[in-house]
Amino acid sequence: QVQLVESGGGLVQAGGSLRLSCAASGWYAMGWFRQAPGKERDFVAAIDKSGGVTSYADSVKGRFTISRSIGKNTVYLQMNSLEPEDTAVYYCAASTSGGLGPNWYDYWGQGTQVIISS
């Protein structure tokens, strides 16, 4: 059973930064998704097992950076220049098959709330 635990959410002002962390029980390709109130869950970013391949949604390119700590089985999402539209519950997800596309994730964390005030 894959276990994922997110942390790092909170309330920040527009223009600020946050770093989300996701501690995984194993070594997998990982992704971040987010779900705003009343909306579907959307893909945000993904990273392969080596950390050498990343993918981003157009809405966060240039502002968010996904990375991983090899020794700690932890994936990070550094979020800069935050906007009110980034307000959502953020979920990390594991892809045990290694695929990075939005439909490849088979384990999910519990989510962490991010609120951006204007």
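Just so it is clear, the model here is predicted, and its values are computed rather than measured.

(A) The arrangement of the side chain of D86 in detail. Here D86 shows up in the loop between β8 (74-79) and β9 (88-95). Filtering out sequence-adjacent residues up to four positions away, D86 remains in contact with R34, R63, F64, S81, V114 and I116.

(B) Spotlight on the environment of S25. Here S25 shows up in the loop between β3 (18-24) and β4 (29-35). Since its relative accessible area comes to 43%, S25 is described here as partly exposed. When the C-alpha atoms of S25 and L77 are compared, they prove to be 18 Å apart, with 52 residues separating the residues in sequence. Those residues in contact with S25 that lie beyond four places of it in its chain are Q1, V2, Q3 and N73.

(C) View of the sheet that holds β8. Across the sheet, which stays open at both edges, the 4 strands sit in the order β1-β3-β8-β7 with antiparallel pairing between neighbours. On the outer flanks of this sheet lie β1 (4-7) and β7 (64-69), each paired with one strand and no other. With strand direction ignored, the average angle separating the axes of adjacent strands in the sheet is 15 degrees. Sheet topology places β3 next to β8; 6 bridges connect them, and they run antiparallel. Bridge pairing links L18 to M79 in β8.

About the criteria used
- Residues numbered from 1 in each chain as written.
- Predicted model: local features only at pLDDT ≥ 70, side-chain atom pairs only at ≥ 80, totals over all residues.
- Heavy atoms only, no water.
- Helix = DSSP H or I, 4+ residues; strand = E, 2+ residues; numbered from the N terminus.
- Contact = heavy atoms within 4.5 Å.
- Buried < 20%, exposed > 50% of the residue type's maximum accessible area, 1.4 Å probe, protein only.
- Pairing = 2+ DSSP bridges.
- Axes fitted to C-alpha atoms, helices over the stretch in contact; angles between N-to-C directions.

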